[in-house]
Amino acid sequence: MAGRRAGAADADSWAKGGPYVSSVRMTLHAGTHADAPLHYDANGADIAEAGLEPFVGPCAVLELPGGETRVEAVFLDRLPPGTERLLIKTPASALNGQAYIQSAFGLTAEAAERAVRAGLRLVGVDGPSVGVRGEEGDRVHLILLKSGVAVVEGLDLSGAAEGVYTLFCLPLKLAGGEAAPVRAVLL
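If you're wondering where the values come from, they're calculated on a predicted model, not measured in any experiment. (Residues numbered from 1 in each chain as written. Predicted model: local features only at pLDDT ≥ 70, side-chain atom pairs only at ≥ 80, totals over all residues. Heavy atoms only, no water.)

Student: Help me out: how do you make sense of the pattern of salt bridges in this one?
Tutor: Between side chains of opposite charge, a pair can form as their charged atoms come close. Enumeration according to the criterion identifies 6 salt bridges in this entry. We note a salt bridge from Glu 72 to Arg 70, for which the minimum N-O separation is 3.3 Å. On the accessibility criterion, Glu 72 (31% relative accessible area) is partly exposed. Residue classification places Arg 70 among the partly exposed positions, given a relative accessible area of 34%. (Salt bridge = Lys/Arg side-chain N within 4 Å of Asp/Glu carboxyl O. Buried < 20%, exposed > 50% of the residue type's maximum accessible area, 1.4 Å probe, protein only.)

Student: Which parts of the structure should I look at to understand the sheet that holds strand β7 (residues 150-153)?
Tutor: Adjacent strands of a sheet pair through backbone hydrogen bonds, lying either parallel or antiparallel. Taken in spatial order, the 8 strands line up as β9-β1-β7-β6-β4-β2-β8-β10 in an open sheet, and their pairing is mixed. The two strands at the open ends of the sheet, each matched to only one other strand, are β9 (179-181) and β10 (185-186). Alignment of strand β2 (residues 56-63) against strand β8 (residues 163-168), held across 6 bridges, turns out to be antiparallel. Bridging across to β8, Ala 60 finds its partner in Val 164. On the sheet, helix α4 (residues 135-146) packs against β1 (33-35), β6 (122-125) and β7 and is oriented at approximately 135 degrees with respect to β7. (Pairing = 2+ DSSP bridges. Helix = DSSP H or I, 4+ residues; strand = E, 2+ residues; numbered from the N terminus. Contact = heavy atoms within 4.5 Å. Axes fitted to C-alpha atoms, helices over the stretch in contact; angles between N-to-C directions.)

Student: Which parts of the structure should I look at to understand the nonpolar core?
Tutor: The tendency in soluble globular proteins is for nonpolar side chains to be buried as a group. Counting 26 residues, the largest nonpolar core has Phe 75, Leu 86, Ile 88, Leu 107, Val 123, Val 130 and Leu 144 as its most contacted members. Filtering out sequence-adjacent residues up to four positions away, Phe 75 remains in contact with Leu 62, Glu 63, Leu 64, Pro 65 and Ile 88. Ala 34, Leu 122, Ala 180 and Val 182 belong to the second largest nonpolar core, which has 18 residues in total. (Core = buried A, V, L, I, M, F, W, Y, C linked by side-chain atoms within 4.5 Å.)

Student: I keep staring at the side chain of His 141 and nothing clicks. Help me out?
Tutor: Inspection of the secondary structure assignment puts His 141 in helix α4. A polar atom in the side chain of His 141 sits 3.3 Å from the side chain of Asp 35. Once residues within four sequence positions are removed from consideration, His 141 is found in contact with Asp 35, His 39, Tyr 40, Ser 129, Val 130, Gly 131, Lys 146 and Glu 153. (Polar contact = N/O pair within 3.5 Å; in protein donor to acceptor, adjacent residues only side chain to side chain.)

Student: Help me understand the state of the cysteines in this model?
Tutor: What is meant by a disulfide is a covalent connection between two cysteines, made through their sulfur atoms. This structure, assessed with the given rule, holds 0 disulfides. Take Cys 59: it sits in no disulfide, and the sulfur closest to it among the cysteines is that of Cys 169, at 8.3 Å. Owing to a relative accessible area of 2%, Cys 59 belongs among the buried residues under this scheme. (Disulfide = S-S within 2.5 Å.)

Structure representation (structure tokens):
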């Protein structure tokens, strides 16, 4: 039917069967999501235990220079003074499908250690992982999450220019979840 939303039930079934109810089945790491310490540590906190403060407040968006795939420690020299939240825009924002999933933009372990020393409370990326591919990417997660730095992955930063914004990206409160979807908004 023209003008109908995909998946919407027709009016007759609503009238006979009650309200329209949908369901979703997906990995907690689909789309934009926050990782919890439990993602890399069996004894770590789940996402329901995450404090919300890191997910709301002033943040800086910095863009990875063209041609680079690794966020090196020196990249963090560009942080504006007092920054507590950093979102990193990479070429992943312009990718989709399999190219996006296979993209390898991410922080090195040295950059993750530098982020902790800089006092960051949140690091977000537009790619599928905050860390570079492989074992070093696993170390990046461990360094950040064990230090209490919130991790957000899968952001859409395609329309964001470098600058300072206010970030809102609260994770769903899912008991036992090693991650949770977020709706991220920059103002």
